[in-house]
Structure formats: structure tokens, C-alpha cells
Amino acid sequence: GQQLNQSPQSMFIQEGEDVSMNCTSSSIFNTWLWYKQDPGEGPVLLIALYKAGELTSNGRLTAQFGITRKDSFLNISASIPSDVGIYFCAGRFTGNQFYFGTGTSLTVIP
Amino acid sequence: GAVVSQHPSRVICKSGTSVKIECRSLDFQATTMFWYRQFPKKSLMLMATSNEGSKATYEQGVEKDKFLINHASLTLSTLTVTSAHPEDSSFYICSAHGGEETQYFGPGTRLLVL
């Protein structure tokens with residue numbers, strides 16, 4: 001199936017730093033989702049975006065639905081150790097099926 | 001957010017046996033559920049889409065006779081790995097689509113086939 005390009009693949013940052021990751025697609029989407037997955041667990045939904053240009057925050061997390069509808073980004077401000085994990089983007093055009101990004105592995109160094 | 005459970009969380013079985021994994025939506029009705037497989041440090045690989053009351057739709061390369069999916073009710077879908085072999089060892093995750101334009105994931109099932 002289709003897969004989204006997510007970058008960077010991995011990040012090693014110092015605690016307190018801001019983080020930025022993005023997701024791009026060759027197709028347009030009507031919905032973008034961002035998930036976080038801790039080791040050995042299922043992904044947990046962080047932010048859902050439904051309109052092009054939409055900017056949504058959830059605590060220290062902010063995500064935007066790109067105006068071209070082919071990309072989205074996720075920012076984490078003032079990172080803390082518990083932000084460690086793998087972050088996935090997911091996009092949907094129509095129907096129920098979502099396509100997932102390749103994931104960004106985040107390591108926060110205390 | 002909505003709650004999706006999976007059972008068992010971990011299972012170890014002998015080669016040749018069958019294993020059933022349950023996925024339940026606890027606080028909403030899921031007309032559609034999805035089954036994914038995830039290899040270490042890799043993204044989610046969609047195996048099949050499970051629709052309540054109808055046959056599952058399998059992704060290309062996924063053997064439907066090996067990975068049997070049943071979605072008998074709006075809150076339960078099951079994945080049965082038949083005649084499991086060591087190469088079937090993996091992390092299996094289900095998700096449920098509940099009408100909103102989102103997916104909620106279960107906690108996953110770690111399968112180890114000896």
C-alpha cells in the first residue's frame with residue numbers, strides 16, 4: 001500500500017530543545033493524524049487535522065495540515081524525557097483506510 | 001479518546017498451532033477494524049480491513065487462509081494465525097474506526113512462535 005515519507009528518520013536531542021518532524025505524500029489527503037508509539041505498545045493518537053492550513057495544539061505539541069494537502073508537520077516544544085518514542089503520521093483521502101508514515105524515532109537526552 | 005483492547009497481550013506457541021487474537025472497541029461501535037503487523041523499528045504494515053458482517057479485505061501479499069479474520073459484531077474482530085511458524089512471530093496491532101475520521105489502536109499482541 002501507499003506509504004508516506006516521514007523525516008527525519010531519527011532524532012537525538014537534548015532535554016528542553018524543540019523538535020520538528022514532517023510527513024509528505026505524493027497524493028492529497030483530507031485528514032492527517034499524528035501518533036506516538038511507546039515500545040511494546042500500540043500507537044496513541046496525539047492530534048487530528050481535518051482542514052488544509054489547520055494548526056492544532058495539544059499541550060506542548062503543535063501540528064499543521066499543509067496548505068497543499070500533501071504534507072503535515074509536528075512540533076514538540078521544550079522536550080522532556082517522556083517524549084521518547086516513535087512518532088507516526090497517517091493520512092486519509094476518502095474511505096476508512098489510512099496510510100502511515102515510516103516513523104520518526106525520538107530520543108531525548110536528559 | 002476511544003478505547004480499544006487486545007487480548008492476549010503476549011502469546012508464545014509451538015510451530016504448527018493456531019493462535020487467536022481478539023480486538024474489542026470498549027466504548028464505541030466500530031464498523032471497520034484494521035489489522036496491522038509491525039516488525040521491530042518499522043512502520044505499521046496493513047494486513048487487512050475487517051468490516052462487520054462481511055468478509056475482510058486483505059492487502060496484497062497477505063494470505064487470507066493463513067490469517068483468518070472474523071468481525072462478528074460491532075465491537076469485536078478476531079485474527080487467527082493458522083498453523084503458525086516462526087516467521088509469523090511479530091507484533092500484531094488492531095485499530096478501530098468509529099465514525100469519526102480517526103483510528104484508535106489497541107495495545108498490540110506480541111506473538112512468538114517457537
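Residues numbered from 1 in each chain as written. Chains lettered and ligands numbered in written order. Predicted model: local features only at pLDDT ≥ 70, side-chain atom pairs only at ≥ 80, totals over all residues. Heavy atoms only, no water.

Peer 1: Where do I start with the overall build of chain A in this structure?
Peer 2: A tally of helices and strands in chain A yields zero helices and 11 strands. Seen in sequence order, chain A has helices and strands lined up from the N terminus as β-β-β-β-β-β-β-β-β-β-β. Scaling as 2.2 N^0.38, a compact globule of 110 residues should have a C-alpha radius of gyration of about 13 Å, and chain A matches this with 13 Å. The C-alpha extent of chain A, read off along each of the three principal axes, is 40 × 30 × 20 Å. For chain A, the residues scored as buried account for 41% of the 110 residues in total. At a minimum sequence separation of 6, the contacts of chain A that also span at least 24 residues come to 53%. Carbon and sulfur atoms make up 52% of the accessible area of chain A, which amounts to about 5000 Å² in all. One way to put it: in chain A the 6 positive side-chain charges average out to a point 15 Å from where the 8 negative ones average out. (Helix = DSSP H or I, 4+ residues; strand = E, 2+ residues; numbered from the N terminus. Rg over C-alpha atoms; globule rule 2.2 N^0.38 Å. Buried < 20%, exposed > 50% of the residue type's maximum accessible area, 1.4 Å probe, protein only. Contact = heavy atoms within 4.5 Å. Areas by Shrake-Rupley, 256 points an atom, 1.4 Å probe, with all protein chains shown as cover. Lys, Arg positive; Asp, Glu negative; His and termini not counted. Charge placed at Lys NZ, Arg CZ, Asp CG, Glu CD.)

Peer 1: What is the right way to read the layout of surface pockets from this model?
Peer 2: Taking a probe equal in size to a water molecule and rolling it over the atoms shows the remaining empty space. Put simply, the largest pocket is a space of about 500 Å³. Forming the walls of the largest pocket are 24 residues, and the residues nearest its centre are Ile86(A), Gln38(B), Pro40(B), Lys41(B) and Lys42(B). Breaking the lining of the largest pocket down by element, the ones donating at least two residues are strand E9 (85–92) and strand E11 (104–109) of chain A. For the lining of the largest pocket, the element with the highest residue contribution is E11(A), accounting for four residues. A breakdown of the residues in the lining of the largest pocket according to their chemical character gives eight nonpolar, 12 polar and four charged. (1 Å grid on protein atoms, 1.4 Å probe; cavity = no way out; pocket = protein on both sides within 12 Å on 5 of 7 lines; lining within 4 Å. Points joined across faces, edges and corners; volume = space filled by probe spheres on them. Nonpolar A, V, L, I, M, F, W, Y, C, P; charged D, E, K, R; others polar.)

Peer 1: Looking at this structure, how should I read the sheet that holds strand E3 (residues 19–24) of chain A?
Peer 2: Residues and elements named next belong to chain A. Across the sheet, five strands lie side by side as E1-E3-E8-E7-E6; this open sheet has antiparallel pairing. Two strands in the sheet have a free side with no partner beyond their single neighbour: strand E1 (5–7) and strand E6 (55–58). Taken over all neighbouring pairs, the strand axes of this sheet differ in orientation by 15° on average, direction set aside. (Pairing = 2+ DSSP bridges. Axes fitted to C-alpha atoms, helices over the stretch in contact; angles between N-to-C directions.)

Peer 1: For this particular structure, what's the right way to read the pattern of salt bridges?
Peer 2: Close approach of charged atoms lets side chains of opposite charge pair. Across all of its chains, the model carries four salt bridges over all chains by this definition. Of the charged contacts, one joins Glu22(B) and Arg24(B) as a salt bridge, the two residues approaching to 3.4 Å between their closest N and O atoms. (Salt bridge = Lys/Arg side-chain N within 4 Å of Asp/Glu carboxyl O.)

Peer 1: Hey, could you run me through the packing of aromatic side chains in this one?
Peer 2: The geometry of an aromatic ring pair is captured by the separation of the ring centres together with the interplanar angle, meaning the angle of the planes. Applying the stated criterion across every chain yields a total of 10 aromatic pairs over all chains. Of the aromatic side chains, those joined through ring pairs into one cluster are Tyr35(A), Phe100(A), Phe34(B), Tyr36(B) and Phe105(B). (Phe/Tyr/Trp six-rings, centres within 6.5 Å; stacked < 30°, edge-to-face > 60°.)

Peer 1: What's the story with the pairing of strand E5 (residues 44–49) of chain A in this structure? I'm lost.
Peer 2: In regular strands, side chains alternate between the two faces of the sheet. Residues and elements named next belong to chain A. In terms of strand pairing, strand E4 (residues 31–37) meets E5 through five bridges, oriented antiparallel. By the bridge assignment for E5, Tyr 35 is matched with Leu 45. Hairpin geometry of E4 and E5 is characterised by an intervening segment of six residues between the two adjacent antiparallel strands and by a positive phi of about 75° at Gly 40.

Peer 1: How do you make sense of the side chain of Thr78(B) when you look at a structure like this?
Peer 2: Take Thr78(B): it is sitting in strand E8 (residues 76–81). In contact with Thr78(B), not counting residues within four places along its chain, are Lys20(B), Ile21(B), Glu22(B), Trp35(B), Leu68(B), Ile69(B) and Asn70(B).

Peer 1: What is the right way to look at the sheet that holds E8(B) in this model?
Peer 2: In a beta sheet, neighbouring strands are held together by backbone hydrogen bonds and run either parallel or antiparallel to one another. All names here are of chain B. A sheet is described by the order of its strands in space; here four strands give the open sequence E1-E3-E8-E7, paired in antiparallel fashion. Single-partner strands in this sheet number two, and they are strand E1 (4–7) and strand E7 (67–73). The sheet shows a mean angle of 15° between the axes of neighbouring strands, direction not considered. Bridging between strand E3 (residues 19–25) and E8 involves six bridges; their strand directions are antiparallel. When the bridges of E8 are listed, Glu 22 appears paired with Thr 78.

Peer 1: Just to check I follow, could you spell out the environment of Arg110(B) for this structure?
Peer 2: Residues and elements named next belong to chain B. Structurally, the position occupied by Arg 110 is in strand E11 (residues 109–113). Looking at Arg 110, the relative accessible area reads 35%, which means it is partly exposed. Taking the C-alpha atoms as reference points, Arg 110 and Ile 93, separated by 17 residues in sequence, lie 8.8 Å from one another.

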